[in-house]
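Read off the chains here:
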Amino acid sequence: MKGWTLRETLLTVLVLVLIFVFLMPKYIITTKRALAQEAVRTIYLMENVINSHYIQSGVFSFDLEELNLDRLNNIEGANFIYHITGSGINNYEILAYGEDNSAAEGIMVSYVFPDKSYYVEYLGKVITGKKVK
């Protein structure tokens, strides 16, 4: 006899489905974490610009245009939109939201100062985060 029996074919398909079911969620979370690192690196740069602006002018600004960071939200094909909220140089948060219809859709990165900590959410669930020294 040549070929596979129905039992062998079904067993092969079952094994492939089980592999897919158990590994796919882990794969998705891993790729979303990797995408979020783009926002984390940009947020660190934004923090440096915010602090430099404050040192030079003595004024804390939430305005991305005044900080010359507005171009971040105008990059074609960018994965994230950035916002700054808070009450001053000692208490602010930088948020990065995954752009709709991009690979980062559903991701939110939050960086809190003065804690110097960030966390990454995907569809409302925290998937990573840490305190930066």
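Just so you know, these numbers come straight off a predicted model, no measurement behind them.

S.K.: Looking at this model, I keep getting lost on helix α1 (residues 6-57). Mind explaining?
M.R.: In an α-helix, one turn spans 3.6 residues, which is why side chains three or four residues apart end up on the same side. The terminal C-alpha atoms of α1 lie 76 Å apart, and with 52 residues this matches the ideal 76 Å at 1.5 Å per residue to within 8%. When the local axis directions of α1 are compared, the greatest deviation, roughly 35 degrees, occurs at Leu23, which is followed within four positions by the proline Pro25. Of the residues flanking the end of α1, it is Gly58, one or two places downstream, whose phi is positive at about 75 degrees.

S.K.: Please explain the pairing of strand β3 (residues 107-113) as it appears in this structure.
M.R.: Across a regular strand the side chains alternate sides, sitting on one face of the sheet and then on the other. Of all the 7 residues making up β3, 6 are buried; the element is thus mostly covered by neighbouring parts of the structure. In this sheet, β3 lies alongside strand β2 (residues 91-98) in antiparallel orientation, the contact comprising 6 bridges. Note that in β3 the partner of Tyr97 across the bridge is Met108. Where β3 and strand β4 (residues 117-122) come together, 6 bridges link them in antiparallel fashion. If you follow Val112 over to β4, its bridge partner there is Ser117.

S.K.: Can you walk me through the nonpolar core in this structure?
M.R.: Counting residues in hydrophobic clusters, the biggest one holds 27 residues, and the most contacted among them are Met46, Ile50, Tyr82, Ile84, Ile94, Ile107 and Val109. Elements that contribute at least two residues to this core include exactly α1, β1 (80-88), β2, β3 and β4. Here this core gets 6 residues from one element, more than from any other, and that element is α1. Setting aside its immediate chain neighbours within four residues, Ile84 contacts Met46, Ile50, Phe60, Phe62, Leu64, Leu67, Glu93 and Ile94.

S.K.: It is not clear to me how the pattern of salt bridges should be interpreted in this structure. Could you clarify?
M.R.: Two side chains carrying opposite charge are able to pair once their charged atoms lie near each other. For the structure on display, the rule yields 1 salt bridge. Between Lys116 and Glu47 there is a salt bridge, with the nearest N and O atoms lying 3.5 Å from each other. Taken together, the residues span a long stretch of sequence, with Lys116 in the loop between β3 and β4 and Glu47 in helix α1 at a distance of 69 residues. Assessed through its relative accessible area of 28%, Lys116 is described here as partly exposed.

S.K.: Even after reading the chapter, I still don't get unusual backbone geometry, so can you show me in this structure?
M.R.: Leave glycine aside and you will find that most residues have negative phi; peptide bonds, for their part, are mostly trans. Each neighbour pair has its own omega, and for Phe113 with Pro114 the value is 20 degrees, a cis peptide bond. Mapped onto the elements of the fold, Pro114 is located in the loop between β3 and β4. Despite not being glycine, Lys116 shows a phi value in the positive range, around 55 degrees. Non-glycine residue Leu123 carries a positive phi angle of around 55 degrees. By the secondary structure assignment, Leu123 is in the loop between β4 and β5 (125-131). Residue classification places Leu123 among the exposed residues on the basis of a relative accessible area of 65%.

Procedures and definitions
- Each chain has its residues counted from 1, running along the sequence as written.
- With pLDDT at 70 or above as the cut-off, local features in this predicted model cover only qualifying residues; side-chain atom pairs require 80 or more to be listed or tallied, and sums for whole chains, interfaces and linings still use all residues.
- Each side-chain value is derived from all of the structure's non-hydrogen atoms; neither hydrogens nor water enter the calculation.
- Secondary structure elements follow DSSP: runs of H or I of four or more residues count as helices, runs of E of two or more count as strands, with numbering from the N terminus.
- A helix is expected to reach a length of 1.5 Å times the quantity of its residues less one.
- Bend, in this description, refers to the angle at a residue between axes fitted to the seven residues ending there and the seven starting there.
- Relative accessibility decides the category of a residue: with a 1.4 Å probe and only protein chains considered, values under 20% of the type maximum give buried, values over 50% give exposed, and everything between is partly exposed.
- Pairing between strands is defined by DSSP: at least two bridges between them are needed.
- Grouping buried Ala, Val, Leu, Ile, Met, Phe, Trp, Tyr and Cys residues that are joined through side-chain atoms within 4.5 Å yields what is termed a nonpolar core.
- Whether two residues touch is decided by their heavy atoms; if any such pair falls within 4.5 Å, the residues are in contact.
- By definition here, a salt bridge exists when the distance from a side-chain nitrogen of Lys or Arg to a carboxyl oxygen of Asp or Glu is within 4 Å.

The analysis is restricted to geometry; functional conclusions fall outside its scope.
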